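Chains, contacts and geometry: an overview
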Amino acid sequence: MDASTSSLPTITLKPREDRRLRHGHLWVFSNEIAKVDGDAPAGALVSVTAAHGAPLGVGIYNPHSLIAVRITGGVGAPLDADWFRSMIGRALRLRSQLFPGGRTYRLLHSESDGVPGVIVDRFDEVMVVQTAAYGMEERRALLYDALMEIDGVRGVVERNDHSLRSLEGLPSHVGVARGTADPQIIDDGVLRYHLDPLGGQKTGFYLDQRANRIAMRPLMARGRVLDLFSNNGGFALHALHAGASEVIAVDSSAVAAVEIERNRELNGLGPIDVRVADVFSELHDLRLRGEKFDCVIADPPPFARSKKNVAAARKKYVELFSGSLRLLAPEGTAFLATCSHHVTRDTFLEIIRESLFRSGRSGIILEERGASPDHPIHPVMPETGYLHGAILRAGS
Ligand code: SAH
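**A word on the nonpolar core**
A general tendency of soluble globular proteins is for nonpolar side chains to be buried together. Membership of the largest hydrophobic core comes to 35 residues, with the highest contact counts inside it found for Leu226, Leu228, Leu320, Phe321, Leu336 and Ile352. Counting residues per element, the ones that place at least two in this core are β14 (224-228), β15 (246-251), α10 (279-288), β17 (293-298), α11 (310-326), β18 (328-338), α12 (345-359) and β20 (388-394). Among residues more than four places away in sequence, those in contact with Leu226 are Ile248, Val250, Leu286, Phe293, Cys295, Val296, Ile297 and Leu327. In terms of nonpolar packing, the next biggest core, distinct from the first, is built from 30 residues, Ile186, Leu191, Met220 and Leu269 among them.

Here's what the structure looks like:
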């Protein structure tokens, strides 16, 4: 332990509870702690040791959360302006390699980028931040100042209206924290989109599906394409741009439908049949009418919000995916996805198998896909890899 960590309060784990951390996991759960030495209020930086005294790392402490310690990345201490600058610097170097010249990407993907509980999406001039860890909320001024130092950044928006906040005892809040948050026109390397940093859903744009939209382009480049849960049009717009002859987009949100239209105009694309409807009833109607599609995209919101819901969610995914597969023309292609944190890859593949069986279709998996690489997965924390997708080709 060096000088900067030796003065920290110490959390000693119970015997044998150090194993997960020694293998690289980054959370200590409250029931794994034997004792706390020193003054460690919520948010404090602490040093974590095994029962026999071996140091395991430093992290931020929250005695009121089930996740009592979140290990921080880099040298770990102190969590000052330089620490934030160095974590952001490393994250920026990766993104500038992934998207040369790009100004829209996820900059920090929480634990995977060494900054626990913090997500930062860059939409050109505006950084949109979500924080789900007490210790990071306390130090948010340092984070925001460091983000404002990045070339071309003019504002920081807090998008702290997600449910995880209450687990850490943090209030809900959305607003401009630094500078200005004007609407932006972002681009994903191929197409452009209107983006209001203070409006829209989630952080305003689903960056995680960016590489999947591009991967689907050759398979959406002809015939009829159906984009289910289309939101502001990511897949639908790419389909049209790639060469589809007809695109139907379905979303229950009227706001999303308006956004698709605006994005379609922005890119100078032809018409899209945008339907504000429930996907399940639309699937039913399309089937009754005997309609067929050369490509179907099904990218729903998370159906399993907790572990308890997985069984019910599974049924819903099977209903959605089998309904989508039934609409495929012979040799049609589908992209099916789940972004439920509690649906594992194995469960997802079981859902795919069951959906094929239910729909009476044969199919082959062309590719399994995850989130775009600016949403890196921490190898020891499957929690950071929440998106599973499969590109499926139906038989003749
Ligand atoms: N595919 C999109 C992201 C989908 S997000 C993209 O690439 O950007 C999920 C979307 O599902 C949201 O826009 C939400 O409005 C919509 N939604 C949720 N439940 C729905 C339902 N039952 N029927 C139709 N749309 C629904």
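There is more to say, and it comes next.
**Examining the environment of Ala146**
Within the secondary structure, Ala146 sits in helix α5 (residues 140-148). Along the primary structure Ala146 and Gly89 are separated by 57 residues, whereas in three dimensions their C-alpha atoms are 9.6 Å apart. Setting aside anything within four residues of it in sequence, one finds Ala146 in contact with Phe84, Arg85 and Ile88.

**Digging into the domain arrangement of the chain**
Parsing the chain into structural domains produces domain 1 (5-73), domain 2 (81-186) and domain 3 (206-394). Once you take the C-alpha centre of each, domain 1 and domain 2 turn out to be 25 Å apart. Facing 15 residues of domain 1, the contacting portion of domain 2 comprises 15 residues. Of the roughly 1000 Å² buried at the junction of domain 1 and domain 2 (both faces included), carbon and sulfur atoms supply 52%. Summed over the three residues of domain 1 that lose the most area to domain 2, namely Ile60, Arg70 and Gly73, the buried surface amounts to 42% of that side. For the interface between domain 1 and domain 2, the tally reads 2 salt bridges.

**Structural notes on the sheet that holds strand β6 (residues 67-71)**
By definition, the strands of a sheet pair up through backbone hydrogen bonds, in either a parallel or an antiparallel sense. Sheet architecture is open: 6 strands sit in the order β2-β6-β5-β4-β1-β3, paired in mixed fashion. Looking at which strands have only one partner, the edges of the open sheet turn out to be β2 (27-29) and β3 (33-37). On average, each strand axis in the sheet is tilted by 30° relative to the strand beside it, whichever way the strands run. Direction of pairing for β2 relative to β6: antiparallel, over a ladder of 3 bridges. The residue of β6 that forms the bridge with Val28 is Val69.

**Describing a nonpolar patch on the surface**
On the surface, Val174, Val176 and Leu198 cluster together to form a nonpolar patch covering roughly 210 Å² of accessible area. With respect to the secondary-structure elements, Val174 resides in strand β11 (residues 173-179). For Val174, a relative accessible area of 37% gives the class partly exposed.

**Focus on the sheet that holds β11**
Taken in spatial order, the 5 strands line up as β7-β8-β9-β10-β11 in an open sheet, and their pairing is mixed. Two strands lie at the open edges of the sheet, namely β7 (104-109) and β11, each paired on one side alone. Between one strand axis and the next, the sheet turns through 20° on average, direction left out of account. Pairing of strand β8 (residues 118-123) with strand β9 (residues 126-131) involves 6 bridges; the strand directions are antiparallel. Note on β9: the bridge partner recorded for Asp121 is Val128.

**Observations concerning the packing of aromatic side chains**
Under the definition given, this model contains 10 aromatic pairs. Centroid distance Tyr317 to Phe321: 5.8 Å. Interplanar angle 40°. Geometry classified as tilted. With a gap of 4 residues between them, Tyr317 and Phe321 both fall in helix α11, about one helical turn apart. Phe321 carries the same exposure label as Tyr317, and that label is buried. Taken together, the aromatic side chains of Phe229, Phe280, Phe303, Tyr317, Phe321 and Phe348 make up a single cluster linked through ring pairs. Against the face of Phe293 rests Arg224, its NZ or CZ located 4.5 Å from the ring centre. The ring centre of Phe303 lies 4.6 Å from the NZ or CZ of Lys316, which sits over that ring.

Each value, and the rule that gives it
Residues numbered from 1 in each chain as written. Predicted model: local features only at pLDDT ≥ 70, side-chain atom pairs only at ≥ 80, totals over all residues. Heavy atoms only, no water. Core = buried A, V, L, I, M, F, W, Y, C linked by side-chain atoms within 4.5 Å. Buried < 20%, exposed > 50% of the residue type's maximum accessible area, 1.4 Å probe, protein only. Helix = DSSP H or I, 4+ residues; strand = E, 2+ residues; numbered from the N terminus. Contact = heavy atoms within 4.5 Å. Domains from an automatic or database assignment. Buried area = accessible area lost by both parts, 1.4 Å probe. Salt bridge = Lys/Arg side-chain N within 4 Å of Asp/Glu carboxyl O. Pairing = 2+ DSSP bridges. Axes fitted to C-alpha atoms, helices over the stretch in contact; angles between N-to-C directions. Patch = residues over 30% accessible without salt bridge, like charges linked within 9 Å, V, L, I, M, F, W, Y side chains within 5 Å. Areas by Shrake-Rupley, 256 points an atom, 1.4 Å probe, with all protein chains shown as cover. Phe/Tyr/Trp six-rings, centres within 6.5 Å; stacked < 30°, edge-to-face > 60°. Lys NZ or Arg CZ within 6 Å of the ring centre and 35° of its normal.

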